[in-house]
Amino acid sequence: MIFVLRGMNDSNQQYEIEYTESQLTALREIEKKLKNEEISNDELDRKVRAASLLFIEHSNFVKQRSALLYFTDVVRYHVS
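Below: a short report on this structure.

### Focus: the layout of surface pockets
Thought 1: The space that makes up the largest pocket amounts to roughly 160 Å³.
Thought 2: Around the largest pocket sit Met 1, Phe 3, Val 4, Ser 52, Phe 55, Ile 56, Ala 67, Leu 68 and Phe 71, which together line it.
Thought 3: Of all the elements in the fold, those that place two or more residues in the lining of the largest pocket are α1 (2-8), α3 (41-56) and α4 (67-74).
Thought 4: Of the residues in the lining of the largest pocket, the class split is 8 nonpolar, 1 polar and no charged.

### With respect to the pattern of salt bridges
Thought 1: The final tally for this structure, using the stated rule, is 2 salt bridges.
Thought 2: Note that Lys 33 is salt-bridged to Glu 43, the shortest N-O span being 2.6 Å. Linking Lys 33 in helix α2 (residues 21-35) with Glu 43 in helix α3, this pair joins segments that are 10 residues apart in sequence.
Thought 3: Glu 43 sits in the partly exposed class, given a relative accessible area of 25%.

Criteria and cut-off values
Residues numbered from 1 in each chain as written. Predicted model: local features only at pLDDT ≥ 70, side-chain atom pairs only at ≥ 80, totals over all residues. Heavy atoms only, no water. 1 Å grid on protein atoms, 1.4 Å probe; cavity = no way out; pocket = protein on both sides within 12 Å on 5 of 7 lines; lining within 4 Å. Points joined across faces, edges and corners; volume = space filled by probe spheres on them. Helix = DSSP H or I, 4+ residues; strand = E, 2+ residues; numbered from the N terminus. Nonpolar A, V, L, I, M, F, W, Y, C, P; charged D, E, K, R; others polar. Salt bridge = Lys/Arg side-chain N within 4 Å of Asp/Glu carboxyl O. Buried < 20%, exposed > 50% of the residue type's maximum accessible area, 1.4 Å probe, protein only.

If you want it as structure tokens, here you go:
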């Protein structure tokens, strides 16, 4: 989650992460909640869980490359 949040705010486009609109919306909601000092852990957990599910269920048939698969490439983890 930290990887995709940092990538979203990367003005240099160093991370080169591609997001779907729903993924961006979910990440923006997490950022908004993190700036709120009175957020409950349960509420934040729900937002992170919802965003994580969007990245896990990312279809190979959409234009944007999967951020989760991209991350495995970055850390040189072989899915197989």
